[in-house]
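Coordinate analysis (summary)
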Amino acid sequence: MTERFPGYDVLAKRDTPSWNDASRRVIDHRLALEDEPRFLTQDEWRLLVALCDRIVPQPPHRPRIPVAVLIDRKLQQDQGDGYRQASMPPLRQAWRQGLHALNEEARLRFGGNFVELAPGQQDALLELLARDQVRSEAWQGLGAKSFFKGRALHDIGSSYYAFPESWNQIGFGGPASPRGYVRMDFNRRDPWEAVESKHV
Amino acid sequence: MSEIVPQVPRARDGRAPDVFHVGGWVPMREYADDDEVDFAIIGTGAGGGTLACRLSEAGFSVVALDVGPYWRPLEDFASDEHEQFKLYWRDERIVDGTDALQLGRNNSGQSVGGSMVHFAMVSLRFRPEWFKARSQLGYGHDWPVDWREMWRYYGEVEEALKIAGPVRYPWGPHRPRYPYRAHELNAAARVLARGSEALGIKWAPTPLATLSAPRGDAHPCVYRGFCIAGCSTNAKQSALTTWIPRALAAGAEIRDLAMVGRIELGNSGRVTGLHYHREGRWRFQRARHVVVAGYSIETPRLLLNSACPRFPDGLANSSGLVGHNLMAHSNQGVYGVMEDEIRWYKGPPSLAITEHWNYTDEGKDFHGGYSYMSQGPLPVEWVGTMTGNRGLWGEALQREMQKYIHQAGLKIVGETQARDENRVRLADEKDRFGLPVAHVTFSYGDNDHRLIAHAKRFMRDSLAAAGARDIWAEESETAHLMGTCRMGDDPSTSVTNADGRSWDIPNLWICDGSLFPTSGGVNPSLTIQALACRAADRIKLLAKRGEL
Ligand SMILES: Cc1cc2nc3c(=O)[nH]c(=O)nc-3n(C[C@H](O)[C@H](O)[C@H](O)COP(=O)(O)OP(=O)(O)OC[C@H]3O[C@@H](n4cnc5c(N)ncnc54)[C@H](O)[C@@H]3O)c2cc1C
Ligand code: SF4
């Protein structure tokens, strides 16, 4: 795939008026997070990383986004979203059980651990989760579809698009304070915005 | 995963944060727990913040408590969606129902300044007939207030917030011109304008509570687009930057990081004060009057949590209505891809609006109305729409995300009908203060579904007419909350009177979005603030007459 915004790097704006101190502190901290689990076990962590790779596959030839780390830290801090489906267990329990059940389902269907399956098999399995067509008992009290959509897609999508590299990929301006934008009309671009390649 | 959050209260020792200056302070009057203040107000958002200002300016002694932190936006707010989750109510709540509400980010704030700290600034008046929905339009309930009186208070609020809006607003009775000029449109707003013109309906620049010219220490909007993640430049005119500084100057005390757990009823049948948790311990503030302004979930929760032998079903609940008739605006979006670069992350998210279907009754197969506005979600919100609504993941998700800067969208604020089964009650689970959390049930009704279907059809046509392709519509989205303690004229069918005074306990008041008997098809904050201003004037009058 040709890159849509070649050469664009949100981080190049770090020391410009587009970033205030608070933004620098927050993004610096995020980028410095060690790509290691603090809450999940090593096995759970490998499983989560493999799951992230299927939910938000990363473009080749681009710096890798450590998607799983934000989820692990969210779990470590037990920081929920401010609501929970009555049918779902609390955050930590939902993730723990969901990862476990995902692996059980993989063994039941494909006779191997999720992390060992081929990407195509992993996708096929996730398709079944999305349709609630699961066989493992391990989903009891959680629900495959609820976990997949309500937890996995929700948290993984949100984590991926919290990293500046993801903003480079979609042409988002990133932090913008105190300097915001001036040119707002159709096809108008401020000099500090991404240039879209006409060859995509 | 917030990096910048005050861990201890800032408003104390005779001073409160000066929101307009990095590291700044302003003097603040303080009261002792044993001082019997005239008014203790729970919550400092659109309702509580406004009322605290207006009552202290009228000479009453006021303490306003909020469990949220007291921010200085200039130093505490990053341009970052994740960091700014800190503005939302993230303590647990349990949800269910066919259209179980997404709370937190979607509708609930927890800050001094309330949900206005992250609101989208859309500042609209109700259509006059909505105040008499039952008798004039044949659905819902009548409000116990007159629209002309409300329109006067709307004028006051628009002036207090220096609303930026068009010279002539195309719908409804005459209104004065907005205090500040309308904002320039972004491309996303122009898509709405194009579509409206193609379909032959009117549109307008949205009246917004963000500055289009300097005001005191606040600069005009810089079109950075992070509004619902908090405005780090103070262009946004929220309770935090308008009513609360005025309240402090007039002698009110604000207590941040102060959670109210229970309102105490005395032997006389009047409330005597409230129990609150601050700096690691429970305390009791005495008060002549208590006002609950915690919004549609926390207000009924607190009233229910304050049950006592005299009111075993919760305070002010002899009608049995506390917690019932919760409304959430329907909020379905329709999205499409434009050939042009739109870059909808620039500018406030909703710069253009049409209220056509609020003011036109012909051709509807449903009660109520809706407005719709242009959209500008940032990446984290947008990916949530893709995964949550469309269930996209994998290559399909990443392919869609690639179209980000070409995307345009329209979203309704749709009126929903008040229905008894949509409600807030107490769960068994406890929060970090040991208090039972809210259990919130919500499902759309048939009328709501018909309204949504109509809106989606119309917005699809509009987007298509504007030149969008790959158009799709969201299913089960909701926005602003309203109701759960409705006001009315009859103690058996409402919780308070028009002043927000509870029928059961003469010195217990409610002043927030929970008072709404119906929801209307516009964002609620202007109406909440107008009700608060009205309540303050009524309280002044009642005090003069010796009727408090
Ligand atoms: C993302 C978003 C965008 C929005 N955009 C718009 C818009 O464009 N236009 C519009 O009109 N409206 C908008 N709204 C809605 C608007 O912000 C709310 O309707 C309005 O602020 C509600 O006012 P309120 O006074 O009822 O409650 P709030 O403003 O929510 O204030 C309630 C406060 O009470 C505090 N509290 C609650 N319980 C307790 C307790 N027990 N002890 C201590 N403190 C307590 C809370 O911390 C909170 O700060 C938006 C809301 C959100 C979430
Ligand atoms: S667009 Fe304007 S109101 Fe919104 S956050 Fe930026 S400066 Fe504030």
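All values derive from a computational prediction rather than experimental measurement. (Residues numbered from 1 in each chain as written. Chains lettered and ligands numbered in written order. Predicted model: local features only at pLDDT ≥ 70, side-chain atom pairs only at ≥ 80, totals over all residues. Heavy atoms only, no water.)

**Comments concerning the overall build of chain A**
Secondary structure assignment for chain A yields 7 helices and 1 strand. Ordered by position from the N terminus, the helices and strands of chain A form the series α-α-α-β-α-α-α-α. Seen through its C-alpha atoms, chain A measures out along the principal axes to roughly 55 × 40 × 30 Å. Within chain A, the fraction of its 200 residues that count as buried is 55%. Long-range pairs, those at least 24 residues apart, make up 67% of the contacts in chain A between residues at least 6 apart in sequence. Put simply, chain A shows about 8800 Å² of open surface, and 48% of that area lies on carbon and sulfur atoms. Chain A carries 28 positive and 27 negative side-chain charges, and their two centres are separated by 4 Å. (Helix = DSSP H or I, 4+ residues; strand = E, 2+ residues; numbered from the N terminus. Buried < 20%, exposed > 50% of the residue type's maximum accessible area, 1.4 Å probe, protein only. Contact = heavy atoms within 4.5 Å. Areas by Shrake-Rupley, 256 points an atom, 1.4 Å probe, with all protein chains shown as cover. Lys, Arg positive; Asp, Glu negative; His and termini not counted. Charge placed at Lys NZ, Arg CZ, Asp CG, Glu CD.)

**Some thoughts on the overall build of chain B**
When its secondary structure is counted, chain B shows 12 helices and 22 strands. For a compact globule of 548 residues, the expected C-alpha radius of gyration is about 24 Å, and chain B comes in at 22 Å, within 12% of that figure. On the principal axes, the C-alpha backbone points of chain B span a range of 65 × 50 × 50 Å. Per-residue burial for chain B yields a buried fraction of 69% across its 548 residues. Summarising the internal contacts of chain B: among those between residues at least 6 apart in sequence, 74% fall at separations of at least 24. On chain B, roughly 17000 Å² of surface is accessible, and the fraction owed to carbon and sulfur atoms is 48%. (Rg over C-alpha atoms; globule rule 2.2 N^0.38 Å.)

**Quick look at the pairing of strand β3 (residues 37-42) of chain B**
Residues and elements named next belong to chain B. The element β3 is largely enclosed, with a buried count of 6 among its 6 residues. Alignment of β3 against strand β12 (residues 281-292), held across 5 bridges, turns out to be parallel. Each bridged residue has a counterpart across the sheet, and for isoleucine 42 the counterpart in β12 is valine 292. As defined by bridge partners, β3 adjoins strand β4 (residues 62-65) across 4 bridges and the pair is classed as parallel. Each residue of the ladder has a partner; that of phenylalanine 39, found in β4, is valine 62. The handedness of the β3 to β4 crossover, carried by helix α1 (residues 46-57), is right-handed. (Pairing = 2+ DSSP bridges. Right-handed = clockwise from strand over helix to strand, strands pointing away.)

**Some details on the packing of helix α2 (residues 42-55) of chain A against helix α4 (residues 91-110) of chain A**
Residues and elements named next belong to chain A. One way to put it is that α2 packs onto α4 with a least axis distance of 10 Å and a crossing angle of 75°. Judged by the inter-axis angle, α2 sits roughly perpendicular to α4. Here Glu44, Leu47, Leu48 and Leu51 of α2 lie close against α4, whose contacting residues are Trp95, Arg96, Leu99, Leu102 and Asn103. In the contact of α2 with α4, the residues fall into 6 nonpolar, 1 polar and 2 charged. (Axes fitted to C-alpha atoms, helices over the stretch in contact; angles between N-to-C directions. Parallel < 35°, antiparallel > 145°, perpendicular 65-115°, else oblique. Nonpolar A, V, L, I, M, F, W, Y, C, P; charged D, E, K, R; others polar.)

**Examining the side chain of arginine 90 of chain B**
The residue arginine 90 of chain B is located in the loop between α2 (73-76) and β5 (94-96) in this model. Buried charged residue arginine 90 of chain B carries no salt bridge. Nearest counter-charge: aspartate 81 of chain A, at 7.0 Å. Side-chain polar atoms of arginine 90 of chain B contact the backbone oxygen of phenylalanine 85 of chain B, separated by 3.3 Å. (Salt bridge = Lys/Arg side-chain N within 4 Å of Asp/Glu carboxyl O. Polar contact = N/O pair within 3.5 Å; in protein donor to acceptor, adjacent residues only side chain to side chain.)

**Side note on the site of ligand 1**
Residues and elements named next belong to chain B. Around ligand 1, the structure places 38 residues, and the nearest of them are Gly47, Asp66, Ser115, Val122 and Ser525. Note that an oxygen atom of ligand 1 is positioned 3.0 Å from one of the backbone N or O atoms of methionine 121. Contact between ligand 1 and proline 524: an oxygen atom at 3.5 Å from a main-chain N or O atom of the residue. Calculation on ligand 1 without its partners gives an accessible area of 1000 Å², and the protein chains cover 97% of this total. Only α1, β10 (259-265), α7 (295-305) and α12 (525-544) provide two or more residues apiece to the shell around ligand 1. A breakdown of the residues in the shell around ligand 1 according to their chemical character gives 17 nonpolar, 17 polar and 4 charged. (Near = heavy atom within 4 Å.)

**Here's the deal with the site of ligand 2**
Lining the immediate surroundings of ligand 2 are Met121, Thr210, Cys221, Val222, Tyr223, Arg224, Gly225, Phe226, Cys227, Cys231, Thr233 and Pro348 of chain B. Considering only residue class, the shell around ligand 2 consists of 8 nonpolar, 3 polar and 1 charged.

**What about the state of the cysteines?**
Residues and elements named next belong to chain B. Applying the stated criterion across every chain yields a total of 0 disulfides over all chains. Here cysteine 308 is not cross-linked by a disulfide; its sulfur's nearest cysteine counterpart is in cysteine 485, at 16 Å. No disulfide involves cysteine 485; its sulfur sits 12 Å from the nearest other cysteine sulfur, which is in cysteine 511. (Disulfide = S-S within 2.5 Å.)

**Quick look at the environment of valine 117 of chain B**
Mapped onto the elements, valine 117 of chain B comes out in the loop between β5 and α3 (133-137). The sequence separation of valine 117 of chain B and leucine 303 of chain B amounts to 186 residues, and the corresponding C-alpha distance is 25 Å.

**Structural notes on the interface of chain A and chain B**
Chain A puts 64 residues into the contact, and the matching count from chain B is 68 residues. Both sides together, the interface formed by chain A and chain B hides about 5400 Å², and carbon and sulfur atoms give 56% of it. For chain A, the biggest contributors to the area lost against chain B are Tyr83, Met184 and Phe186 of chain A; these three give 15% of the whole. Counting across the interface, chain A meets chain B through 6 salt bridges. Of the charged contacts in the structure, one is a salt bridge between aspartate 80 of chain B and arginine 30 of chain A, with a shortest N-O distance of 2.6 Å. Here chain A is connected to chain B by 31 residue pairs in polar contact (both at pLDDT 80 or more). Residue composition of the side of chain A that touches chain B, by class: 27 nonpolar, 18 polar and 19 charged. In this sheet, β5 of chain B lies alongside strand β1 (residues 84-85) of chain A in parallel orientation, the contact comprising 2 bridges. Residue pairing across strands places arginine 84 of chain A opposite isoleucine 94 of chain B, the latter belonging to β5 of chain B. (Buried area = accessible area lost by both parts, 1.4 Å probe.)

**Considering the environment of tyrosine 153 of chain B**
All names here are of chain B. Here tyrosine 153 is to be found in helix α4 (residues 147-160). Tyrosine 153 sits in the buried class, given a relative accessible area of 11%. For tyrosine 153 and arginine 534, which are 381 residues apart along the polypeptide, the C-alpha to C-alpha distance reads 6.7 Å. Once you skip the residues sitting within four places of it in the chain, tyrosine 153 turns out to touch Arg54, Ala530, Cys533, Arg534 and Asp537.

Structural measurements only, silent on function.
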